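# Chain and residue survey
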Amino acid sequence: MSFDDVPKHPGELVLSNLKEYFRCADDGSVRDPEGHMWMMWNLVDFHRWWLAVETFSGVPLGRKLLNAAADQEEYFLTSTSILDVAWFRKKHRQNTALANRWSLMGWGSFDLDTSFLTSNLMAPLCSGFALAAKENISQSRYKIQWQQLSNNSIRLELKPMERRFSAAPASPVLCWDSPSLPNISSFPFDLDLQTVSNGWTHAGERSTMLANGIFARFFETLTMQGIQLRPDWLECWKFPESFDKRSQVPLVLCTLAVNQLVSESEQPIYIQDVQSWNQLCDAYLVPFGLGKPLQINSLDEQGGVEFLLRPCSQWPLLVGYLFSFWQRGFGRKAKVEIQQNDGSWSVKISSLLSYVG
């Protein structure tokens, strides 16, 4: 689908394009036409998750999120030539292409001339996307600051820098991921979507599309922050020797944040058997690109379960949700044992304490 030649469309066309642009794959991912993975996030959920990550990490991370969003969007804009339009009415055509992309993703709008943002996304996210567009069009680097004028209005201050413009590379492949994507079948991206001002909703809740690459870049920065994980957090985890110790930081922090998010939600979590897990994944994970297990095996009569997971970029979030569903479903503190298993990951979740019936 080309963002260049499509006129500015009404809400119905945005949703039609959204459902045509993205596909749900059999592995529980959501992919664009180039095969890149994306996730749909409820904006309230993302905000809760983000605040929890910052709280548990103990350091401000907004600038890291902005850089991750900017680099990932710059990579997309460069590799897909979305803003590389013909010379005739070039500025108008670039503005149209950008407006269509932001509408499609549920990001709101960005005025290139005034550097004014109207968006329901967190400021670091939408500011990063805006910075990528500005730098891609001008082929120059800018120092960015943002001023939050209201809940959905942001003014950017962009100052030119002397640095040479070179396109951002592809997102990193971390230890739980794989550089190759499986060739699997897909089905339509068909959810309960409605357009609203500055975006769209799913099931009545403001939502947006975020590329997995944003999280991969952000998780990589967490491995370099020198964050120390508390001993009482680590007592719940058992890692294989091959698992990079620095990579434990984003995994544990992500899981803690997801657990807080699930605890604050109103999602009913009922677990009776393996089939219950399949139902939970199909309801809460697969439609949003969070992935699903290859296989689920029962371990014991106390609810212990083993998940076989594909290597994937959203792996910390998937593990975080499975861990959080277990704790909420059984009302007990869980422990996690991770092992590599013939190209996949074995994630065993069971009760931290033994209970004798």
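Quantities reported herein were computed from a predicted structural model and do not represent experimental measurements. Per chain, the residues get numbers from 1 upward, laid out in the order the sequence is written. Totals for whole chains, interfaces and linings use every residue, but because this is a predicted model, local features are given only for residues with pLDDT of at least 70 and side-chain atom pairs only at 80 or more, for both listing and counting. As a rule here, side-chain values come from all non-hydrogen atoms in the structure, and water together with hydrogens is ignored.

## Some points on the pattern of salt bridges
Here, a salt bridge means any Lys or Arg side-chain nitrogen found within 4 Å of an Asp or Glu carboxyl oxygen. Applying the stated rule across the entire model yields nine salt bridges. Taking the shortest distance from any N to any O, the salt bridge between Asp27 and Arg31 comes out at 2.9 Å. Relative accessibility decides the category of a residue: with a 1.4 Å probe and only protein chains considered, values under 20% of the type maximum give buried, values over 50% give exposed, and everything between is partly exposed. Since its relative accessible area comes to 8%, Asp27 is described here as buried. Overall, Arg31 belongs to the buried group, its relative accessible area being 12%. Where Arg48 meets Glu264, a salt bridge forms, and the shortest distance between an N and an O atom there is 3.7 Å. Of this pair, Arg48 sits in helix H2 (residues 43-57) while Glu264 sits in helix H8 (residues 248-264), and the two are 216 residues apart along the sequence. Given a relative accessible area of 41%, Glu264 falls into the partly exposed group. A run of H or I in DSSP counts as a helix once it spans at least four residues, and a run of E counts as a strand once it spans at least two, with each numbered from the N terminus.

## Regarding the packing of helix H4 (residues 90-105) against helix H5 (residues 123-138)
Axis separation between H4 and H5 bottoms out at 12 Å; the angle between their running directions is 155 degrees. As summarised for this structure, H4 and H5 are arranged roughly antiparallel, according to the angle between their axes. Crossing of H4 against H5: the hand is right-handed. On the side of H4, the interface is formed by Gln94, Leu98 and Trp102, while H5 contributes Cys126, Phe129, Ala130, Ala133 and Ile137. Taken together, the residues of the contact of H4 with H5 break down into seven nonpolar, one polar and no charged. Fitted lines through C-alpha atoms serve as axes, helices being fitted only where they are in contact, and the angles separating the N-to-C directions of these axes extend from 0 to 180 degrees. Any angle that falls under 35 degrees is termed roughly parallel, while one over 145 is termed roughly antiparallel, one within 65 to 115 roughly perpendicular, and all others oblique. Here a crossing is taken to be left-handed if its near helix is turned anticlockwise relative to the far helix by less than a right angle, and right-handed if that turn runs clockwise. Contacts are assigned to residue pairs with any non-hydrogen atoms lying within 4.5 Å of each other. Under the scheme applied, nonpolar residues are Ala, Val, Leu, Ile, Met, Phe, Trp, Tyr, Cys and Pro; charged residues are Asp, Glu, Lys and Arg; polar residues are all the others, including Gly.

## Details of H4
Taking 1.5 Å of rise per residue, 16 residues should cover 22 Å, and H4 covers 23 Å from first to last C-alpha, within 8% of that figure. Within the span of H4, buried status applies to Gln94, Thr96, Ala97, Leu98, Asn100, Arg101, Trp102, Leu104 and Met105. Positive backbone phi, approximately 80 degrees, marks Gly106, located one or two places after H4. A helix is expected to span 1.5 Å multiplied by its residue count minus one.

## Some remarks on the side chain of Glu74
Tracing the chain through its elements places Glu74 in helix H3 (residues 62-80). The class of Glu74 is buried, set by a relative accessible area of 1%. Polar contact criterion, stated in full: a pair of N or O atoms within 3.5 Å, where within protein one must be able to donate a hydrogen and the other to accept it, and residues adjacent in sequence count only if both atoms are side-chain atoms. Polar contacts involving the side chain of Glu74 include one to the main-chain amide nitrogen of Ala168, which spans 2.7 Å. Not counting the four nearest positions on each side in its chain, Glu74 is found in contact with Ala132, Glu135, Asn136, Arg141, Phe165, Ser166, Ala167 and Ala168.

## Focus on the pairing of strand S14 (residues 305-309)
Most of S14 sits out of view: five of its five residues are buried. Of the two faces of S14, the one holding Val305, Phe307 and Leu309 and the one holding Glu306 and Leu308 are both buried throughout. Only strands joined by at least two bridges in the DSSP assignment are considered to pair. The sheet contact formed by strand S13 (residues 295-298) and S14 spans four bridges and is antiparallel. Bridge assignment links Asn297 to a residue of S14, and that residue is Glu306.

## Regarding the sheet that holds strand S6 (residues 142-150)
Strand order in the open sheet made by the four strands is S4-S5-S7-S6, with antiparallel pairing throughout. The sheet is open, and its two borders are formed by strand S4 (109-111) and S6, each paired with just one other strand. When the angles between neighbouring strand axes are averaged without regard to direction, this sheet yields 20 degrees. Direction of pairing for S6 relative to strand S7 (residues 153-160): antiparallel, over a ladder of eight bridges. For Gln148, the partnering residue across the bridge sits in S7 and is Ile154. With respect to the sheet, H5 is in contact with S4, strand S5 (116-118), S6 and S7, its orientation differing from that of S6 by roughly 135 degrees.

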